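Structure at a glance
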Amino acid sequence: MFTAKCAMQNIRNVAIVGSGQMGSGIAQVTASSGFNVMLADVNKKALDRAMKAISQSVTHLSKKQKGTDKEKSDFVTLTMSRIKTCNNVSTAVADADLIIEAAIENIDLKRGIFAQIEQSCKKDSILTTNTSSFLLEDVAKGLQDKTRFGGLHFFNPVPVMKLLEVIRSDDTSDETYATLIKFGTAVGKTTVACKDSPGFIVNRLLIPYFFEAARMYERGDASMTDIDEAMKLGAGHPMGPFELADYIGLDTVKFVMDGWAAKYPEVQLFEASPLVDKLVAEGKLGRKTGDGFYSYKK
Ligand code: 3HC
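Everything quoted here is computed from the prediction, not taken from an experiment.

If you look at the biggest cluster of nonpolar residues, it comprises 31 residues, and the most contacted ones within it are Leu98, Ile100, Leu152, Phe154 and Phe183. Listed by contribution, the elements that provide at least two residues to this core are strand 1 (13-17), helix 1 (21-32), strand 2 (36-40), helix 2 (44-64), helix 3 (69-81), strand 4 (98-101), strand 7 (163-167) and helix 7 (174-186). It is helix 1 that provides the largest number of residues to this core, a total of 5 residues. Setting aside residues no more than four positions away along its own chain, Ile100 makes contact with Val14, Ala15, Ile16, Val17, Ile26, Thr128, Leu152, Phe154 and Phe183. Residues Ile207, Phe270, Leu285 and Phe293 belong to the second largest nonpolar core, which totals 27 residues.

This part takes up the site of the ligand. Contacts to the ligand come from 19 residues, most closely from Ser57, His60, Lys64, His153 and Asn156. Within the backbone of Asn156, one N or O atom sits 2.8 Å away from a nitrogen atom of the ligand. Residue Asn203 places a side-chain N or O atom 3.0 Å away from an oxygen atom belonging to the ligand. Expressed as a share of its isolated accessible area of 1000 Å², the protein-covered part of the ligand is 63%. Mapped onto the shell around the ligand, the elements with two or more residues apiece are helix 2, helix 8 (202-218) and helix 10 (241-248). Tallying contributions element by element places helix 2 first for the shell around the ligand, with 4 residues. Residues of the shell around the ligand, tallied by class, amount to 12 nonpolar, 6 polar and 1 charged.

A separate point is the pattern of salt bridges. Pairing between side chains of opposite charge can happen when the charged atoms of each approach one another. As enumerated under the stated definition, the model contains 18 salt bridges in all. With its nearest N and O atoms 2.8 Å apart, the salt bridge here joins Lys70 to Asp74. Taken together, the residues Lys70 and Asp74, both in helix 3 and 4 residues apart, mark about one turn of the helix.

Moving on, we come to the pairing of strand 7. Looking down a regular strand, the side chains alternate between one sheet face and the other. By the criterion of burial, strand 7 is predominantly enclosed, with 4 of the 5 residues buried. Two elements, strand 6 (residues 149-153) and strand 7, share 3 bridges in a ladder whose sense is antiparallel. Bridge pairing in strand 7 places Leu152 opposite Val166. Alignment of strand 7 against strand 8 (residues 190-194), held across 5 bridges, turns out to be parallel. From the neighbouring strand, Ile167 faces strand 8, where its bridge partner is Cys194. Viewed along the sheet, the connection from strand 7 through helix 7 into strand 8 turns out right-handed.

Sites flagged by UniProt as "site: Important for catalytic activity" map to His153. Mapping His153 onto the fold places it in strand 6. The buried category is assigned to His153, whose relative accessible area is 4%. Excluding anything up to four places from it in sequence, His153 contacts Asn130, Thr131, Ser132, Leu163, Leu164, Glu165, Phe200 and Asn203. Here the side chain of His153 touches Glu165 through a polar contact of 2.8 Å, side chain to side chain.

Moving on: the packing of helix 10 against helix 11 (residues 250-263). The geometry of helix 10 relative to helix 11 is characterised by a closest axis approach of 5 Å and an angle of 95 degrees between their N-to-C directions. Looking at the two axes, helix 10 sits roughly perpendicular to helix 11. Across from Ala245, Asp246 and Ile248 in helix 10, the residues of helix 11 making contact are Leu250, Thr252 and Val253. Taken together, the residues of the contact of helix 10 with helix 11 sort by class into 4 nonpolar, 1 polar and 1 charged.

By definition, a disulfide links two cysteine residues through a covalent bond between their sulfur atoms. Tallying each qualifying case throughout the model produces 0 disulfides. Left unpaired, Cys86 is separated from the closest cysteine sulfur, that of Cys121, by 14 Å.

Evaluation of the coordinates by the stated rule reveals 7 aromatic pairs. Judged by centre distance (5.9 Å) and plane angle (40 degrees), the rings of Tyr209 and Phe210 are tilted. Measuring from centroid to centroid gives 4.7 Å for Phe242 and Phe293, while their planes differ by 80 degrees, and the two rings are edge-to-face. Here Phe293 lies in the segment after helix 12 (274-281) and Phe242 lies in helix 10, a separation of 51 residues in the sequence. Exposure remark for Phe293: the relative accessible area of 11% places this residue in the buried category. Three or more aromatic residues link up through ring pairs in this structure, and these residues are Tyr217, Phe242 and Phe293.

How each quantity is defined
Within each chain, residues carry numbers counting from 1 in the order of the written sequence. Local features are withheld for residues below a pLDDT of 70 in this predicted model, meaning they are given only at 70 or higher, and side-chain atom pairs are given and counted only at 80 or more; totals for whole chains, interfaces and linings count all residues. For side-chain calculations, the full set of non-hydrogen atoms in the structure is used, while hydrogens and water are omitted. Side-chain atoms within 4.5 Å are what join buried Ala, Val, Leu, Ile, Met, Phe, Trp, Tyr and Cys residues into a set we call a nonpolar core. Exposed residues in this analysis have more than 50% of their type's maximum accessible area, buried residues have under 20%, and partly exposed residues fall in between, with area computed by a 1.4 Å probe over protein chains only. By definition, any uninterrupted DSSP run of H or I lasting at least four residues is a helix, any uninterrupted run of E lasting at least two residues is a strand, and each is numbered from the N terminus. Any two residues whose heavy atoms approach within 4.5 Å at even a single point are treated as in contact. What makes a residue near a molecule or strand is one non-hydrogen atom of that residue sitting within 4 Å of it. Polar contact is defined as a pair of N or O atoms within 3.5 Å, subject to the rule that within protein one atom must be able to donate a hydrogen and the other to accept it, and that residues adjacent in sequence are counted only when both atoms are side-chain atoms. All accessibility values rest on the Shrake-Rupley procedure with a 1.4 Å probe; residue burial counts only the protein chains present in the view. Under the grouping applied here, Gly and all other residues not named as nonpolar or charged are polar, the nonpolar ones being Ala, Val, Leu, Ile, Met, Phe, Trp, Tyr, Cys and Pro and the charged ones Asp, Glu, Lys and Arg. Should a side-chain nitrogen of Lys or Arg be within 4 Å of a carboxyl oxygen of Asp or Glu, the pair is scored as a salt bridge. Strands are treated as partners if at least two bridges between them are detected by DSSP. By convention, orient the strands away from the viewer: a clockwise path from the first strand over the helix to the second makes the crossover right-handed. UniProt positions are given in the numbering used here, feature names are shortened, and annotations may be inferred rather than shown by experiment. Helix axes use the C-alpha atoms of the stretch in contact, all axes being lines fitted to C-alpha atoms, and the angles between their N-to-C directions lie in the range 0 to 180 degrees. When an angle is under 35 degrees it counts as roughly parallel; over 145 it counts as roughly antiparallel; between 65 and 115 it counts as roughly perpendicular; any other value is oblique. By convention in this document, the label disulfide applies to cysteine sulfur atom pairs within 2.5 Å. Stacked, tilted and edge-to-face are the three classes assigned to paired rings of Phe, Tyr and Trp, where Trp is represented by its six-membered ring and a pair needs centres within 6.5 Å; plane angles under 30 degrees give stacked, over 60 edge-to-face, the rest tilted.

Quick look at the structure:
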């Protein structure tokens, strides 16, 4: 059986902590690239949902591959066989060479997870976060060994999006960073580097862009559908800002912006939007709840 191996430091076993949309997507691409995956979540139902979504996505992607029906179904079986699930984080990370934390954007939760990981993992495991908005130095605050810590920021939907932002803090060692770049390439992504800064490259541009679109709509300059259409046809984006914000989730978008506004009050671009605040307060979080900027209930 083909098993992938990453140069620099040897990576075979990857533990992913958090089985939401991002965690399950990361598990999928990691397993389909030949690594052994342990997908961990304290919520058993979330793990079941993740395995179902991964199976559907791998099956869909296999149909697009060249080869016989048997080769396609072998690819699905092999990929799924590489993914194990576990609802205990300490157990899940015990054998991992690389650990990717993909929990929700809550700094205390992430710090707690890393404290647990550091107690239970091997001395030479590499620890990473998929944070979309926090500084690595904030996430890593409680870690004893920060040299083996870095950032791997994937994009949604992970099996489709080709980019991986690979981030290092001032403490990340050269060996850790080189291994993360190699791993990114091994899972089929194009890697880009960015300093440990709010939102790295993509979210630092994307999140203020969503809010600028909301302000444009709030001022009555243009309708939501026209703004979306304009950015698709005039700028070549696959989705307009309102469609994409609904796709990511308005709670996530608001959470990121509120965090930045509190931490960097001098940056005007990080201003809240009354419209986003209202929608989130009403539980209209985008596609996942059936309503956001648009309604998806039909
Ligand atoms: N697994 C496997 N395949 C998937 C998939 C998934 N989860 N989601 C979509 N696809 C496939 C579809 O099956 C389809 O394949 P096909 O052409 O062979 O049938 C292909 O991708 C295109 O999908 P659709 O036909 O359903 O629809 P679109 O053509 O509109 O594409 C999209 C969907 C790929 C989501 C595209 O609209 C897109 O690229 N949107 C922008 C996404 C984006 O910007 N993501 C980044 C968000 S920022 C982020 O994630 C950072 C975080 O920190 C917040």
